Structures are given as C-alpha cells and as structure tokens.
Amino acid sequence: TQLLEQSPQFLSIQEGENLTVYCNSSSVFSSLQWYRQEPGEGPVLLVTVVTGGEVKKLKRLTFQFGDARKDSSLHITAAQPGDTGLYLCAAASGGSYIPTFGRGTSLIVHP
Amino acid sequence: KAGVTQTPRYLIKTRGQQVTLSCSPISGHRSVSWYQQTPGQGLQFLFEYFSETQRNKGNFPGRFSGRQFSNSRSEMNVSTLELGDSALYLCASSFSQGVFYEQYFGPGTRLTVT
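Given the structure is predicted, the values throughout are model-derived calculations rather than measurements. Per-chain numbering applies: the sequence of each chain, read as written, is numbered from 1 onward. Here chains are named by letter from A upward and ligands by number from 1 upward, in the order in which they appear as written. Given that the model is predicted, a residue must reach a pLDDT of at least 70 before its local features are reported, and side-chain atom pairs must reach 80 or more before they are shown or counted; all residues, however, enter totals for whole chains, interfaces and linings. The side-chain figures draw on all heavy atoms in the structure; neither hydrogens nor water molecules are used.

A.B. asks: Honestly, the overall build of chain B in this entry has me stumped. Any pointers?
C.D. replies: When its secondary structure is counted, chain B shows 0 helices and 11 strands. The helix and strand labels rest on DSSP assignments: H or I over at least four residues marks a helix, E over at least two residues marks a strand, and numbering proceeds from the N terminus. Reading the secondary structure of chain B in the N-to-C direction produces β-β-β-β-β-β-β-β-β-β-β. C-alpha extents for chain B along the principal axes are approximately 35 × 25 × 25 Å. Relative accessible area decides the class of each residue, using a 1.4 Å probe on protein chains only: under 20% of the type maximum gives buried, over 50% gives exposed, and in between gives partly exposed. Across the 114 residues that make up chain B, the buried fraction comes to 48%. Every residue pair with non-hydrogen atoms within 4.5 Å of one another is taken to be in contact. A sequence separation of at least 24 residues applies to 54% of the contacts in chain B between residues at least 6 apart. Neither His nor the chain ends is counted toward charge; the positive residues are Lys and Arg and the negative residues Asp and Glu. Just so you know, the charge point we use is NZ for Lys, CZ for Arg, CG for Asp and CD for Glu. Charge centroids of chain B, computed over 11 positive and 6 negative side chains, lie 4 Å from each other.

And the structure:
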C-alpha cells in the first residue's frame with residue numbers, strides 16, 4: 001500500500017498570504033486528487049490530475065502534478081478565511097482505482 | 001441534483017452494541033464506498049459496492065460489513081462495537097470507475113462509542 005505524506009500538517013496564516021502544501025510518495029500514481037473538507041462535512045473534490053507535469057488552476061488555487069507522478073502541490077494565492085479547512089490528497093496506482101488518502105493539511109486563515 | 005445523504009448524522013452507542021449506518025448516493029450513481037476517518041489514521045477505505053456486489057474491501061475486521069440495495073442505497077453495519085470504532089464514517093458515491101474515479105462524499109455519520 002502506497003503511503004501519501006502531506007506537509008505541513010498544520011498551517012495558520014493571515015488573510016492575503018500565499019501558501020503551498022505538498023503531497024509526496026515513493027510510488028507512481030495513475031491519478032491524484034485534491035479535496036477540501038470543512039468541519040462537520042465530507043471532503044469535496046477540488047481537482048483530479050493524471051498527466052505528469054500537469055498544472056491546473058481553479059481561481060486562486062493552482063495544482064501541480066510532478067513530472068514523475070509521485071508528488072503534487074497545491075498553491076493558494078491571497079488566502080481568504082473561506083479557504084479554511086482540511087486539504088487532503090488522494091491517489092490511485094497500479095490497477096486499483098481505490099484511492100489512498102494522505103492525512104491532510106489543516107489550514108486556518110485568519111481575517 | 002441532490003447530494004449524498006447519510007443518516008443518522010450523530011450516534012452514541014455503548015461498547016458491545018451494534019450499529020447500522022445508511023447512505024443514499026447521488027441519483028444515477030451506482031458505486032458506493034465507505035470510509036472511516038479518525039484523527040490518528042486519517043481516511044481509511046472500508047469497502048465499495050457496485051450493483052449490489054462488494055467489489056473491493058479494505059483492511060478492516062469482519063465486524064465491519066455492508067450491503068447495497070437495488071436502488072443503490074447502501075448500509076454499513078458494525079457489530080460488537082469497540083471504543084476504537086469511534087470515528088466519522090463517510091460514504092461516497094461515484095458514477096463509474098476508472099482513472100477518473102471522482103467520488104462525491106456525504107457529510108458523514110459521527111459515531112461515538114462509550
């Protein structure tokens with residue numbers, strides 16, 4: 001079973017700051033997803049990346065899949081309090097489509 | 001289109017009891033997966049059902065079981081509850097499998113075992 005390491009584990013920043021969170025593994029993935037989970041709710045899918053080197057943008061969020069498809073990053077520009085939540089990466093590899101989840105980065109954006 | 005719904009949202013049980021959780025997927029979705037989320041272990045896959053058949057199973061003891069009905073609704077059951085079963089149980093539905101395995105999660109059932 002592949003292991004997904006997310007860093008940092010916790011992040012507390014002020015509104016307007018930029019931040020990057022990471023998702024790393026020693027395994028090669030066929031696809032990788034990022035989710036955001038708010039307190040008391042289930043995770044919500046933000047993006048799926050499948051091609052090495054792929055970059056996707058979702059408003060102020062930029063997602064990058066590593067060239068070797070072993071790692072990914074999520075960059076948030078000008079963070080807002082509404083960005084607060086637990087950011088989870090999930091990936092599938094080999095012939096399995098069941099994703100393995102990282103433990104997440106807990107982000108708090110203070111107004 | 002309505003999202004994934006889970007009932008009940010909160011549940012308190014005593015050690016040794018059993019519990020049944022329910023999940024209604026998004027209309028048209030035939031795949032339903034169950035996950036356990038705890039602060040220590042994160043999100044862990046329990047099992048997946050498709051067309052009333054269990055297709056995949058995670059590494060959990062036999063006390064955890066599930067089923068899916070012909071209308072795609074799913075239930076999971078935990079027997080002989082242990083304190084360590086306290087967790088958020090999440091259900092996710094998907095239209096299909098494959099590389100783009102995009103799951104839509106429900107709000108979860110918060111189970112507390114005392």
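A.B. asks: What is the right way to read the pairing of strand 3 (residues 19-24) of chain B from this model?
C.D. replies: Each regular strand carries side chains that alternate between the two faces of the sheet. Residue and element names in this part refer to chain B. Pairing analysis gives 3 bridges linking strand 1 (residues 5-7) to strand 3, with the strands arranged antiparallel. Bridging from a neighbouring strand, Thr 7 pairs with Ser 22 of strand 3. Relative to strand 8 (residues 74-78), strand 3 is paired through 5 bridges, and the arrangement is antiparallel. Paired with Leu 21 across the strands is Met 76, a residue of strand 8. At least two DSSP bridges between two strands are required for those strands to pair.

A.B. asks: Any chance you could explain the interface of chain B and chain A here in plain terms?
C.D. replies: Often, the extent of an interface is quoted as the loss of accessible area on bringing the components together. Of the residues lining the interface, 22 residues belong to chain B; the matching set on chain A comes to 19 residues. Summed over both sides, the interface between chain B and chain A buries roughly 1,700 Å², with carbon and sulfur atoms accounting for 56% of that surface. The working definition used for a salt bridge is a side-chain nitrogen of Lys or Arg within 4 Å of a carboxyl oxygen of Asp or Glu. Run the count over chain B and chain A and you get 0 salt bridges. Nitrogen and oxygen atoms within 3.5 Å of one another constitute a polar contact, given that in protein one can donate a hydrogen and the other can accept it, and given that sequence-neighbouring residues count only through two side-chain atoms. Across the chain B-chain A interface, the total number found is 4 residue pairs in polar contact (both at pLDDT 80 or more). Put simply, the parts of the chain that give the side of chain B that touches chain A at least two residues each are strand 4 (31-38), strand 5 (42-50), strand 6 (53-57) and strand 9 (87-94) of chain B. The greatest single-element share of the side of chain B that touches chain A, amounting to 3 residues, is contributed by strand 5 of chain B. Think of it as three bins: nonpolar holds Ala, Val, Leu, Ile, Met, Phe, Trp, Tyr, Cys and Pro, charged holds Asp, Glu, Lys and Arg, and polar takes everything else, Gly as well. Here the side of chain B that touches chain A is composed, by residue class, of 10 nonpolar, 8 polar and 4 charged. Buried area, as used here, totals the accessible surface that two parts lose on assembly, with accessibility defined by a 1.4 Å probe and the loss added over both.

A.B. asks: Looking at this structure, how should I read the state of the cysteines?
C.D. replies: Among covalent bonds in proteins, the disulfide is the one between the sulfur atoms of two cysteines. A pair of cysteine sulfur atoms is labelled a disulfide when the two atoms are within 2.5 Å. On inspection of all chains with the given rule, the structure shows 2 disulfides over all chains. With its sulfur 2.0 Å from that of its partner, A:Cys23 forms a disulfide with A:Cys89. Disulfide A:Cys23-A:Cys89: torsion about the S-S bond near 75°, hence right-handed. With A:Cys23 in strand 3 (residues 19-24) and A:Cys89 in strand 9 (residues 85-92), the pair connects residues that are 66 residues apart, well separated along the chain. Using a relative accessible area of 1% as the deciding quantity, one classes A:Cys23 as buried. The exposure class assigned to A:Cys89 is buried, which follows from its relative accessible area of 0%. Shown here is the disulfide that connects B:Cys23 with B:Cys91, its sulfur atoms set 1.7 Å apart. For the disulfide bridge between B:Cys23 and B:Cys91, the dihedral angle about the S-S bond is near -50°, and by the sign convention the bridge is left-handed. Within this pair, whereas B:Cys23 is found in strand 3, its partner B:Cys91 is found in strand 9, the two being separated by 68 residues in sequence.

A.B. asks: Even after reading the chapter, I still don't get the nonpolar core, so can you show me in this structure?
C.D. replies: All names here are of chain A. In this description, a nonpolar core means a group of buried Ala, Val, Leu, Ile, Met, Phe, Trp, Tyr and Cys residues linked to one another through side-chain atoms lying within 4.5 Å. If you look at the biggest cluster of nonpolar residues, it comprises 22 residues, and the most contacted ones within it are Leu 19, Leu 32, Trp 34, Phe 63, Leu 74, Ile 76 and Leu 107. Of all elements in the fold, only strand 3, strand 4 (31-37), strand 5 (44-49), strand 7 (61-65), strand 8 (71-76), strand 9 and strand 11 (105-110) reach the threshold of two or more residues within this core. Excluding anything up to four places from it in sequence, Ile 76 contacts Glu 17, Asn 18, Leu 19, Arg 60, Leu 61, Asp 83, Tyr 87 and Leu 107.

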